[in-house]
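# Structural overview
So the chains spell out like this:
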Amino acid sequence: SFTGEDLSVIYVEWGQGRTMYALVDCNNFYASCERVFRPDLESRPVLVLSNNDGCVIAMSYEVKAMGIALGKPYHQIMELIARENIAVFSSNYELYGDISRRVMNTLYTFSPTLEIYSIDEAFVFSETDISETMGQQMKARVAQWTGMPVTVGIGSTKTLAKLASHYAKKLRCGVLRFTDDDARLSKIEVENIWGIGRRYARKLNTFGIYTVADFCKIDDDLWIRKHFTVEGLRTVYELRGTSCIPLEEVTPDKKAICNSRAFSQAVYSLGDLQEAVSSYACRAALKMRRQNSVAKIVEVWVETSYFTKEEYYGRSASISLAVPTDDSTELISIALQALGRIFIDGKRYKKAGVLLSGLLPKDKRHPDFLDTIDRDRSTKVMSVLDEINRRFGKETIRPARCGFDVDWQMKRQLISSRYTHWSGLAKVK
């Protein structure tokens, strides 16, 4: 039933036998991470705040039952937090990243083929059947080895597995398996389909399509492509049990890398802004080296707050490099040049950021006869810097231009210990 045009845009897996996917999704990931090393929080409501302790970004089931919405400003619910004895934490990204790696490594014990979809989700692929019993084994092993509660959705396609995981969370049943002819699909609203969302759901509703089962029954491929593009056609085939979305075992390299933060308090001086921009350039450079890329363009921006009586000010400046680089010190120097073009004295700056773009693989960087940097030496220095920081902790060594004990640093007054690092181990006296 595929035309030549369809085959150019739709991937169909024709492997031997029936392939299966399991989507393993950590429950209330940030809040659950805080509970792993705190047994006293097991039945206590827990919520996690955004950068600078601004608003709610994660919560346990107990907090959700109270009706607190994601994005709710922290200062508006402080009385409720005190009354309900809610445990509140600043975002502890180092802890969350470490536990995420442990969860993924545990899943590799079930299959060597894994797609890490996000910090708390991964698709497990198998060329043989994945039963609900195996799903229970995954759930139990992750809980035993990492302390994390997970939900496992199983299906013959990624879309069915994702849908099963979503429905399992709603039912709080832990493990659920969907087939393409499952009767329960008639009870799930179409907006819950992966990639559909509310906007497309409203459009489908106008055609009398309200449930997943209704969507699966559409047999006019041209009509689907006309109204919902080729992505909608892929989704329909996935729901019918034909795999059209390939597994991505290797995360594609990013085309651009950004690092930015809102300051914990207003920044006035050029010196403080230079420290912040230097720190952001250094962190973006580290991310870039991890994917073995170099940057050709450095962009810096600054902005004031919208919520003051002052007129809003926001500007950016970019500089193209003659020779792409991944050297932190070189990128810091370029970023500070860009900052000098947009800084205006007397402004109350609330946010700044650095964007590295024009990325290309490091081995494809062409030499330039005007290049005065010893690239081999630069590569060795950055490798030693990264290895020391990997072994002994983030920013153990960093450029002095990034500053020390700075006032503009992101506010995390309620941060928990980094239990999985040597510095966070409990001390017995």
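Residues numbered from 1 in each chain as written. Predicted model: local features only at pLDDT ≥ 70, side-chain atom pairs only at ≥ 80, totals over all residues. Heavy atoms only, no water.

Our focus in this paragraph is the overall build of the chain. When you go through the chain residue by residue, the secondary structure sums to 13 helices and 13 strands. Overall, the chain is about 65 × 60 × 50 Å in size when its C-alpha atoms are taken along their principal axes. Counting over 429 residues, the chain shows a buried share of 48%. Considering only residue pairs separated by 6 or more positions, the chain has 67% of its internal contacts joining residues 24 or more positions apart. When the accessible surface of the chain is split by element, carbon and sulfur atoms take 51% of a total near 22,700 Å². Each charge class in the chain was averaged separately, 59 positive and 53 negative side chains, and the resulting centres sit 4 Å apart. (Helix = DSSP H or I, 4+ residues; strand = E, 2+ residues; numbered from the N terminus. Buried < 20%, exposed > 50% of the residue type's maximum accessible area, 1.4 Å probe, protein only. Contact = heavy atoms within 4.5 Å. Areas by Shrake-Rupley, 256 points an atom, 1.4 Å probe, with all protein chains shown as cover. Lys, Arg positive; Asp, Glu negative; His and termini not counted. Charge placed at Lys NZ, Arg CZ, Asp CG, Glu CD.)

Okay, a positive patch on the surface next. Residues Arg198, Arg199, Arg202 and Lys203 make up a contiguous surface patch of positive charge. Inspection of the secondary structure assignment puts Lys203 in helix α8 (residues 197–206). (Patch = residues over 30% accessible without salt bridge, like charges linked within 9 Å, V, L, I, M, F, W, Y side chains within 5 Å. Salt bridge = Lys/Arg side-chain N within 4 Å of Asp/Glu carboxyl O.)

Our focus in this paragraph is the environment of Asp53. The topology assignment puts Asp53 in the loop between β2 (46–49) and β3 (56–59). On the basis of relative accessible area, Asp53 is assigned to the buried category, the value being 9%. Sequence-wise, Asp53 and Tyr210 are 157 residues apart; in three dimensions their C-alpha atoms are separated by 39 Å. Setting aside its immediate chain neighbours within four residues, Asp53 contacts Tyr74, Ser90, Lys411, Arg412, Gln413 and Leu414. Within the structure, the side chain of Asp53 is placed 2.7 Å from the side chain of Ser90, a separation counted as a polar contact. (Polar contact = N/O pair within 3.5 Å; in protein donor to acceptor, adjacent residues only side chain to side chain.)

This part covers the sheet that holds strand β5 (residues 114–118). With mixed pairing, five strands are arranged side by side in an open sheet as β5-β6-β1-β7-β8. Each edge of the open sheet carries a strand with a single partner, namely β5 and β8 (175–177). Strand-to-strand, the axes of this sheet are offset by a mean angle of 15 degrees, without reference to chain direction. As judged from the three bridges shared by strand β7 (residues 150–155) and β8, these two strands associate in the parallel manner. Its bridge partner lying in β8, Ile154 is registered against Arg177. (Pairing = 2+ DSSP bridges. Axes fitted to C-alpha atoms, helices over the stretch in contact; angles between N-to-C directions.)

If you look at soluble globular proteins, the nonpolar side chains tend to sit buried side by side. Counting residues in each nonpolar core, the largest one holds 37 residues, and the members touching the most others are Phe263, Leu273 and Leu356. Those elements that provide at least two residues to this core are β9 (257–267), α11 (270–290), β10 (293–304), β11 (314–325), α12 (328–342) and β12 (349–357). With nine residues, α11 is the single largest residue contributor to this core. Phe263 has contacts with Asn52, Leu273, Ala276, Tyr280, Tyr349, Lys350, Lys351, Ala352 and Trp408, leaving out every residue within four places of it along the chain. (Core = buried A, V, L, I, M, F, W, Y, C linked by side-chain atoms within 4.5 Å.)

Here we take up the pairing of β2. Alternating residues of β2 divide into Val46 and Val48 and Leu47 and Leu49, and every residue in both groups is buried. Pairing geometry for β2 and strand β4 (residues 87–89), over three bridges, is parallel. Opposite Val46, over in β4, you have Ala87 as the bridge partner. As paired strands, β2 and β3 are joined by three bridges and run antiparallel to one another. Looking at the pairing, Leu49 lines up with Val56 of β3. Between the antiparallel neighbours β2 and β3 lie six residues, among them Asn52 with a positive phi of about 60 degrees.

Summed over all chains, the structure comprises 19 salt bridges. Here Arg289 ties to Asp386 by a salt bridge, and the two come within 2.8 Å at their closest N and O atoms. Linking Arg289 in helix α11 with Asp386 in helix α13 (residues 375–392), this pair joins segments that are 97 residues apart in sequence. Linked by salt bridges that have partners in common, Glu94, Lys394 and Arg412 make up one network.

As a further point, take helix α2 (residues 29–36). Of all eight residues that make up α2, seven are buried, and the element is covered over most of its length. Residues of α2 that are buried: Phe29, Tyr30, Ala31, Ser32, Cys33, Glu34 and Arg35. The elements touched by buried residues of α2 are β1 (20–26), β2, β3, α3 (61–65), β4 and α5 (93–107).

On the surface, Tyr306, Phe307 and Tyr312 cluster together to form a nonpolar patch covering roughly 420 Å² of accessible area. Turning to its location among the elements, Tyr312 is positioned in the loop between β10 and β11.

On to the packing of α8 against helix α10 (residues 221–239), then. In contact at an axis separation of 12 Å, α8 and α10 are set at 145 degrees when each is read in the N-to-C sense. At the point where α8 passes α10, the crossing takes the left-handed sense. Here α8 contributes Tyr200, Lys203 and Leu204 to the contact with α10, which in turn contributes His227, Phe228 and Thr229. (Left-handed = near helix turned anticlockwise from the far one by under 90°.)

As a further point, take the layout of surface pockets. Considered as a void within the structure, the second largest pocket measures approximately 360 Å³ in volume. Lining the second largest pocket are 13 residues, with Asn28, Met59, Lys64, Leu70 and Lys169 sitting closest to its centre. In terms of residue count, β3 provides more of the lining of the second largest pocket than any other element does, three residues in total. Among the residues forming the lining of the second largest pocket, the class breakdown is eight nonpolar, one polar and four charged. (1 Å grid on protein atoms, 1.4 Å probe; cavity = no way out; pocket = protein on both sides within 12 Å on 5 of 7 lines; lining within 4 Å. Points joined across faces, edges and corners; volume = space filled by probe spheres on them. Nonpolar A, V, L, I, M, F, W, Y, C, P; charged D, E, K, R; others polar.)

For α5, which comprises 15 residues, the first-to-last C-alpha distance of 21 Å matches the rise-based estimate of 21 Å (1.5 Å per residue) to within 8%. Taken together, the buried positions of α5 are occupied by Glu94, Leu95, Tyr96, Gly97, Asp98, Ile99, Ser100, Val103, Met104, Thr106 and Leu107. (Expected span 1.5 Å × (residues − 1).)

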